[in-house]
Amino acid sequence: MCRFAPLPWPLQNGVWMQEWLPPRVCEMQQGGSQHTPESCWPSKCLKKGKETAERKMSAEAADREAVTSSRPCTPPQTSWFEFLLEETLLDKHLKKVSPVDPSPVQLIVQFLEQASKPLVNEQNQVQPPPDNKRNRILKLLALKVAAHLKWDLDVLEKSLSVPVLNMLLNELLCISKVPPGTKHVDVDLASLPPTTAMAILLYNRWAIRTIVKSSFPVKQVKPGPPQLNVMNQIQQEKEVTENILKVLKEQAADSILVLEGALKLNKDLYIHTIRTLDLLAMDPGAVNGETESSTAGFNISAEELQCQVCYDLGAIYFQQGSTDSALYGNAREKFFRTKELISKIGSSLHCIIDEKRLAGYCQACGVLAPSDNTSQPSTPYSQIHSCLRSGSYQELVKIFLEDNRTPSLPVQFRQSVLRELSQKAQQGNDVLEEICFKVCSKSIQVESASESSKRKMAYFLKNLCLGLEDLQLVFMISSHELFIALLKDDERKLLIDQMRKRSPRVNLGTKPITSFYDIPASASVNIGQLEHQLILSADPWRIRQILIELHGMTSERQFWTVSNKWEVPNVYGNVILGIKDNLTRDLVYILMAKGLHCSTVKDFVHAKQLFAACLELVTEFSPKLRQVMLNEVLLLDIYSHEAGAGLLGETPPSNLISRVRGYLEMRVPDIPLRQVVAEECVAFLLNWRENEYLTMQVPLPLVQTNPYVKLGQLLAATCKDLPGPKESRRAAKDLWEVVVQICSVTNQHKRGNDGRVSLIKQRDSTLGIMYRSELLSFIKKLREPLVLTTILSLFVKLHNVREDIVNDITAEHISIWPSSIPNLQSVDFEAVAVTIKELVSYALTVNSNNHFWLIIQADIYFATNQYSAALHYYLQAGAVCSDFFTKMVPPDVYTDQVIKRMIKCCSLLNCHTQVAILCQFLREIDYKTAFKALQEQNSHDAMDSYYDYIWDITILEYLTYLHHKRGETDKKQIAIKAIGQTELNSSNPEEVLQLAAQRRKKKFLQAMAKLYF
């Protein structure tokens, strides 16, 4: 089967459909055997049981009559499987007078759900739906219903979800014999049968229409009362739709090319009817050619096809114009071509275009992409837009005066233009102050206006004043002679009193205003604009005002579902959705969702404003939500300090530390708690060295119930004991045992099909107080060097305990941990190794100059045979503690073990001269290794260029002998020159020799650093 976009198996209420065709009893004429649908469905049962069904019909009819005559009731709903059992039932059902139950679109959903239901095999594994006769007939029935609806995308998109409609159109492609595995953009539409070409065009039209529709805010259709599990259902349905949308957007360019190619077709096409689908079903193996089934469907003329395609292409070009303004010109061309075709076609059953929406598109394109064609008259909107861009404000006034004769501009548009002018006037353009008055006054001819028109003018001025939040501008308008002439005295006084009492919270001059070409055409457009503002706004006062307006327009919507990006933790969502008042529920949910989002993106200023407003709101009616908001405000304050002053090393304020302690000690029942709050509180105390509190003052019940508190207490106790003269091992041993349990695995035995028992290791077992991933996530919240060093030391020791270890990793304080584990097989050492790598990488992001952490990183690379990387970190560790080798590297950094590993790295990299030089760095020079390295002739380093870094006379004498023996005269002279330096004379004082050695060490290490950094 060919597919243009992948389709997940359909979901019903967020779970896999598990309902199967119920078994029916088929009584044959001979015997009373029972058969399930698999054995008798559909043709055999229909033939064998026809006479039995006729014989029993009268009795069943009598029973139904007896029941229905006793009480009035609606006829029972026809079940989906009845359409399988009776071939003519679908035609009869669809011919019924509307409304029918189930409706056609409901039938499509039911048929496709049943046809795409997965199987569960004997091993309890979910298998894809089988391609059997039952499922093929169900898909054919769904296609027949769509054909009955004349493949009207407006009807199908309104009633079917994206996954269901995607599956339906994919089945249309398959039954229309679209070549399998072929991209639609590579197919020549002119060479295909009419129904095949039409199926491809219908799919690609739907694809770009879906992309355009997805760019609008997500709206819930006919929402019911809030349920506790509604958030999970919405999330699961959203994921299925987003997967399909992702594929459609990736293939959008191909879909556009397919539709552009369709505009070049100059022939009529056909779309399948119920009859043609039956013809295909009777002859499924027919070749892909011109047959009766491909030319007997609905006829779509070339003009009708081009009209639909032009409109859809215009919509996708208009949607993409926000990122590429040149596409607005393409959209304008397609929309005006659509208007021409509509006037040419007239009324049509198969070409239905929303002409009001088309007119809106044309107006918008006339503004965004004005045409150079003088034969096309410009609209008032485009003229006004041109005046505003060019600064021709006097011309703007003339346009308004001209519009007074035949009023076509809505009041909201005039108000939007005035707001834009007033904003520019407030920013210092004095000329525009006079223009603002002219727009209000000269655009109104009071003398010749009727009484009704005057009242409308007064209503416009009144609403204009109420819509402005700058009192100075409002009083300027209200003192104008036109305002005084149109409004009565009591109306003026009442309006002015309202404006004086109102305390504006937003300065109009500093907020973006609605663009002047946002032309509200209906109530639904107004709601859409308000929802768009609701999504963009981060001002709690504005959010509240928008929700009040929206709830005043409609009471049937749940506005917390407007954006699919608004997410609240489930532990909070159940409480918030239980609020009975719809406005309060929407406001609390949106304020919290926006606050959490701002906190995630580190916009702490807006997050604090949103949380403060939400806290003030819930304090009035819900102590539970009040405590929830207090906890979230505390978490936000922790994030804010750690991302700001904390990075600079400033100690947190004492009240913040007290609030963190108070949260850990809180004992309020039935309060929804997020684990991340406790996690952040413990990490906060560890980062600011509150070890005394964590060790001695944390309540014991909290330690026993909260794993993060217990882990924090053990880390604090271990770090507290480290600086002392005698390292205590009690806390360290407890911490060791906790981490070992976390890194342990549970062994499970499973008997295979051959009867053998195999051992299975299950990672992230529940043996410990938390999962390893949770431990790693917690550690990555820590920044205190001693805490990170301690936990790194523990994992290094745990890594070194394994029996098959070849190269140990070194770390500080490694002696405080136990030296063995009773059951080595229980520890997942692979997970331990992965954890060490992640922890060291994180620690180096906290402080990239900690030489002990750099040594650990180098040891890890050395143990995994990555010798060049290991050398890089060994050299970096020495560089950071010696000012790039201008000072001596401390001996506790470059120990003999580190030097030997550097020697091995150079040896395995075939840098043998470097090996010989590094042998001098050991406390006792390793002549054997040095001589062996110098004997190697295939060296990948600078060789004799390094001789100036050798200070040991024995090694230099050996080099002289070696080059003499090989006849390498030039290299021999370089070695002799190095020996002849006066500072290397063995008769020199020890201090001179040491100084010569130190200088050569520094220069060599600097040369190595330049090579490996």
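You'll find the structure just up there.
The sections below set out a description of the structure shown in this document. A quick note: this is a predicted structure, and the numbers were derived from the prediction, not measured. (Residues numbered from 1 in each chain as written. Predicted model: local features only at pLDDT ≥ 70, side-chain atom pairs only at ≥ 80, totals over all residues. Heavy atoms only, no water.)

### Re the overall build of the protein
Inference 1: What the protein contains, in helices and strands, is 48 helices and eight strands.
Inference 2: Across the protein, contacts joining residues at least 24 apart in sequence account for 69% of those joining residues at least 6 apart.
Inference 3: With an accessible surface of roughly 52100 Å², the protein has 52% of that area assigned to carbon and sulfur atoms. (Helix = DSSP H or I, 4+ residues; strand = E, 2+ residues; numbered from the N terminus. Contact = heavy atoms within 4.5 Å. Areas by Shrake-Rupley, 256 points an atom, 1.4 Å probe, with all protein chains shown as cover.)

### Some points on the nonpolar core
Considering soluble globular proteins, one finds that nonpolar side chains tend to be buried as a cluster.
Inference 1: Counting 124 residues, the largest nonpolar core has Leu664, Leu715, Phe778, Phe795, Tyr894, Met902 and Phe1004 as its most contacted members.
Inference 2: Take this core: its biggest share by element is nine residues, from helix α39 (residues 785–801).
Inference 3: Dropping the residues within four chain positions of it, Phe778 is found in contact with Glu679, Val682, Ala683, Leu686, Tyr708, Leu711 and Leu715.
Inference 4: Ranked by size, the runner-up nonpolar core spans 86 residues in total, among them Leu107, Val178, Val187 and Tyr361. (Core = buried A, V, L, I, M, F, W, Y, C linked by side-chain atoms within 4.5 Å. Buried < 20%, exposed > 50% of the residue type's maximum accessible area, 1.4 Å probe, protein only.)

### So, helix α42 (residues 867–880)
Inference 1: Here α42 spans 20 Å end to end across 14 residues, near enough to the 20 Å set by a 1.5 Å rise per residue.
Inference 2: Taking burial as the measure, the 14 residues of α42 include ten buried ones, the bulk of the element.
Inference 3: Among all positions in α42, only Tyr867, Ala870, Leu871, Tyr873, Tyr874, Leu875, Gln876, Ala877, Gly878 and Ala879 are buried.
Inference 4: Packing partners of the buried residues in α42 comprise α40 (829–846), α41 (851–863), α43 (896–908) and α48 (990–1012). (Expected span 1.5 Å × (residues − 1).)

### Structural notes on unusual backbone geometry
Inference 1: The phi dihedral of Trp151 falls on the positive side, at around 55°, and the residue is not glycine.
Inference 2: Take Trp151: it is sitting in the loop between α7 (133–148) and α8 (153–159).
Inference 3: Given the relative accessible area of 5%, Trp151 is considered buried.
Inference 4: With phi around 65°, Lys177 is a residue other than glycine that occupies positive phi space.
Inference 5: Mapped onto the secondary structure, Lys177 falls in the loop between α9 (162–175) and α10 (194–214).

### What about the side chain of Lys1001?
Inference 1: Within the fold, Lys1001 resides in helix α48.
Inference 2: Despite its burial, Lys1001 pairs with no opposite charge; the closest candidate is Asp896, at 9.0 Å N-O.
Inference 3: Dropping the residues within four chain positions of it, Lys1001 is found in contact with Met888, Phe921 and Trp951. (Lys, Arg positive; Asp, Glu negative; His and termini not counted. Salt bridge = Lys/Arg side-chain N within 4 Å of Asp/Glu carboxyl O.)

### Concerning the packing of aromatic side chains
Inference 1: If you walk through the whole model with that rule in mind, you get 20 aromatic pairs.
Inference 2: Aromatic rings pair up to connect Tyr311, Phe318, Tyr328, Phe335 and Tyr361 into one cluster.
Inference 3: One residue, Lys1001, lies across the ring of Phe921, its end atom 5.4 Å from the ring centre. (Phe/Tyr/Trp six-rings, centres within 6.5 Å; stacked < 30°, edge-to-face > 60°. Lys NZ or Arg CZ within 6 Å of the ring centre and 35° of its normal.)

### What about the environment of Gln937?
Inference 1: Mapped onto the elements of the fold, Gln937 is located in the loop between α45 (927–934) and α46 (953–966).
Inference 2: Each C-alpha atom of the pair Gln937 and Thr913 lies 10.0 Å from the other, and the pair is 24 residues apart in sequence.
Inference 3: Once residues lying within four places of it in the same chain are set aside, the contact partners of Gln937 are Met943 and Arg966.

### Overview of the pattern of salt bridges
Inference 1: One pass over the structure, following the stated rule, counts 21 salt bridges.
Inference 2: Between Glu549 and Arg542 there is a salt bridge, with the nearest N and O atoms lying 3.9 Å from each other.
Inference 3: Glu549 sits in the partly exposed class, given a relative accessible area of 37%.
Inference 4: Of the charged contacts in the structure, one is a salt bridge between Arg585 and Asp586, with a shortest N-O distance of 3.9 Å.
Inference 5: Taken together, the shared-partner salt bridges in this structure form one network comprising Asp154, Glu157, Arg205, Arg209 and Asp312.

### Quick look at the environment of Tyr1012
Inference 1: Among the structural elements, Tyr1012 can be located in helix α48.
Inference 2: Exposure remark for Tyr1012: the relative accessible area of 13% places this residue in the buried category.
Inference 3: In sequence terms Tyr1012 and Leu871 are 141 residues apart; their C-alpha atoms lie 7.1 Å from each other.

### Overview of the packing of helix α44 (residues 912–919) against α45
Inference 1: Where α44 contacts α45, the axes come no closer than 8 Å and their chain directions differ by 160°. Judged by the angle between their axes, α44 and α45 are roughly antiparallel. α44 and α45 meet at a crossing whose hand is left-handed. Judged by residue contacts, His912, Val915, Ala916 and Cys919 of α44 engage Thr929, Ala930, Ala933 and Leu934 from α45.
Inference 2: Among the residues forming the contact of α44 with α45, the class breakdown is six nonpolar, two polar and no charged. (Axes fitted to C-alpha atoms, helices over the stretch in contact; angles between N-to-C directions. Parallel < 35°, antiparallel > 145°, perpendicular 65-115°, else oblique. Left-handed = near helix turned anticlockwise from the far one by under 90°. Nonpolar A, V, L, I, M, F, W, Y, C, P; charged D, E, K, R; others polar.)

### A closer look at the packing of helix α29 (residues 582–600) against helix α31 (residues 623–643)
Two quantities define a packed helix pair, namely the angle between the helix axes and the distance between the axes.
Inference 1: Remark: α29 packs on α31, axes separated minimally by 11 Å, with the N-to-C direction vectors making an angle of 15°. Relative to α31, α29 is oriented roughly parallel. For α29 against α31, the interelement crossing comes out left-handed. Each of Met592, Leu596 and Ser599 in α29 lies in contact with α31, whose residues at this interface are Val628, Met629, Glu632, Leu636 and Tyr639.
Inference 2: A breakdown of the residues in the contact of α29 with α31 according to their chemical character gives six nonpolar, one polar and one charged.

### Quick word on α45
Inference 1: Within the span of α45, buried status applies to Ala930, Ala933 and Leu934. Angular distribution of buried residues about the axis of α45 spans 95°; they occupy a single face of the element. Opposite its buried face, α45 presents the exposed residues Lys928 and Lys932, each directed more than 90 degrees away.
Inference 2: Contacts made by the buried residues of α45 are with α44 and α46. (Arc of directions from axis to C-beta.)

Remember that the coordinates give geometry; whether it matters functionally is a separate question.
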